[in-house]
Structure formats: structure tokens, C-alpha cells
Amino acid sequence: MDIIQIVGLGLIATFLALVVKEQKPLFAFMLTVFVGILIFLFLIDEIAKVIQMLEGIAEQANMNMMYLQTILKIIGIAYIAEFGAQIAKDAGQAAIASKIELAGKILILVMAIPILTAVIEMVLALLPS
């Protein structure tokens, strides 16, 4: 599905949600969530292509795959947290949205510890004893 179709689906869903929101706000919210998930599912193939390309580049560079996997997990956490926070904001729950964002940031920090440790060890190895 190309961008014109995705934008078209998004705009149609937005228009429908605005029209339905007056009578059935819960239905409008569910429509918004459903379309958001549907757009994400349409993009899964593209995400898989990007991951395969990055894995190929990492193999050519003789990079430790653990680091690439960690970076991809961090990116995934960021996108999922943002998606969840936006849904909570759409539902009028800004406090919950901020907690989702905080949880995402903390999980990203936890996932990044091995990479930060490797960078610090590399810098220490370069310093004269």
C-alpha cells in the first residue's frame, strides 16, 4: 500500500470519526484505533525489508549482531510507546499517555546499557594507562 492510499484511508477515517463522534464517541475512538492498527499492519512488509537491509549491512561490516538487535528493539520500543501514547491522548487521557512515554524511555535506557558499556570500555581501552 503506498502513501497515497494510507493518507486517503487516514483522512476518510478522520472524517468519519469527526462525524460519528457527536453521536457515538466510543465508536469514533474505536474507529481511530482500528485504522491506526490497520495502517501499521500495512507497513509490516516495509519494516521487514528495512530490518533485512540493516542486517545485511551489519554482516558486511562484521558488526556484532547483538548490537543491531538491541538497536532495533530500542526503535521498536520507541514506536510502540509513541503509538500507545497517541491512542491515550486521543482518548483524552494525557496522564496515562505521559506514563506510557515515561515507561518507553526507561525501557530504552535499560536496553541501551550493554551498548553504553561497550562504548565506555572502548574509550577506556584507547586511553593510555
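Just so we're clear, the structure is a prediction, and the values are computed from it rather than from any experiment.

### Quick look at the packing of helix α2 (residues 25-42) against helix α4 (residues 65-90)
Orientation of α2 relative to α4, taken along the N-to-C sense of each, is 165°, at an axis distance of 10 Å. Taken together, the axes of α2 and α4 are roughly antiparallel relative to one another. With respect to the hand of their crossing, α2 and α4 are arranged in right-handed fashion. Residue-level inspection shows Phe29, Thr32, Val33, Gly36 and Ile37 of α2 in contact with α4, the latter providing Phe83, Ile87 and Asp90. Grouping the constituent residues of the contact of α2 with α4 by class yields five nonpolar, two polar and one charged.

### Let's talk about α2
Between the first and last C-alpha of α2 there are 26 Å, a value that for 18 residues agrees with the 26 Å anticipated at 1.5 Å per step. Burial in α2 covers these residues: Ala28, Leu31, Val33, Val35 and Ile39. Buried residues along α2 sit in contact with α1 (3-21) and α4.

### Description of the pattern of salt bridges
In the structure shown here, the tally under the stated rule is two salt bridges. A salt bridge links Glu46 to Lys49; the nearest nitrogen and oxygen atoms lie 3.6 Å apart. Of this pair, Glu46 and Lys49 both sit in helix α3 (residues 44-60), three residues apart, which is roughly one turn of that helix. Judged by its relative accessible area of 42%, Glu46 falls in the partly exposed class.

### Overview of the packing of α4 against helix α5 (residues 94-126)
As a packed pair, α4 and α5 sit with axes 8 Å apart at the nearest point and diverge in direction by 175°. Judged on the interaxial angle alone, α5 and α4 are roughly antiparallel.

Definitions and limits used
Every chain is numbered independently, its residues counted from 1 as its sequence is written. Local features in this predicted model are restricted to residues whose pLDDT is 70 or higher, and side-chain atom pairs enter the listing and the counts only when it is 80 or higher, whereas totals over whole chains, interfaces and linings include all residues. Where side-chain values are given, they derive from all heavy atoms of the structure, hydrogens and water being excluded. Whenever a helix is involved, its axis is fitted only over the stretch in contact; in every case the axis is a line through C-alpha atoms, and angles between N-to-C directions fall within 0 to 180 degrees. Where helices and strands are cited, they refer to DSSP runs of H or I of at least four residues and of E of at least two residues respectively, numbered from the N terminus. These descriptions rest on fixed angle ranges, namely under 35 degrees for roughly parallel, over 145 for roughly antiparallel, 65 to 115 for roughly perpendicular, and the rest for oblique. Working rule for handedness: look at the near helix, and if it is turned counterclockwise from the far one by less than a right angle, call the crossing left-handed; if clockwise, right-handed. Between two residues, a contact is recorded if the distance between any of their heavy atoms is within 4.5 Å. Side-chain classes are defined by residue name, with Ala, Val, Leu, Ile, Met, Phe, Trp, Tyr, Cys and Pro counting as nonpolar, Asp, Glu, Lys and Arg as charged, and the others, Gly among them, as polar. Helix span is expected to be 1.5 Å times the residue number reduced by one. Note on exposure labels: buried denotes an accessible area under 20% of the residue type's maximum, exposed denotes more than 50%, and partly exposed covers the range between, all computed with a 1.4 Å probe on protein chains only. Each reported salt bridge corresponds to a side-chain nitrogen of Lys or Arg within 4 Å of a carboxyl oxygen of Asp or Glu.

Limitation: the analysis is restricted to geometry and does not speak to function.
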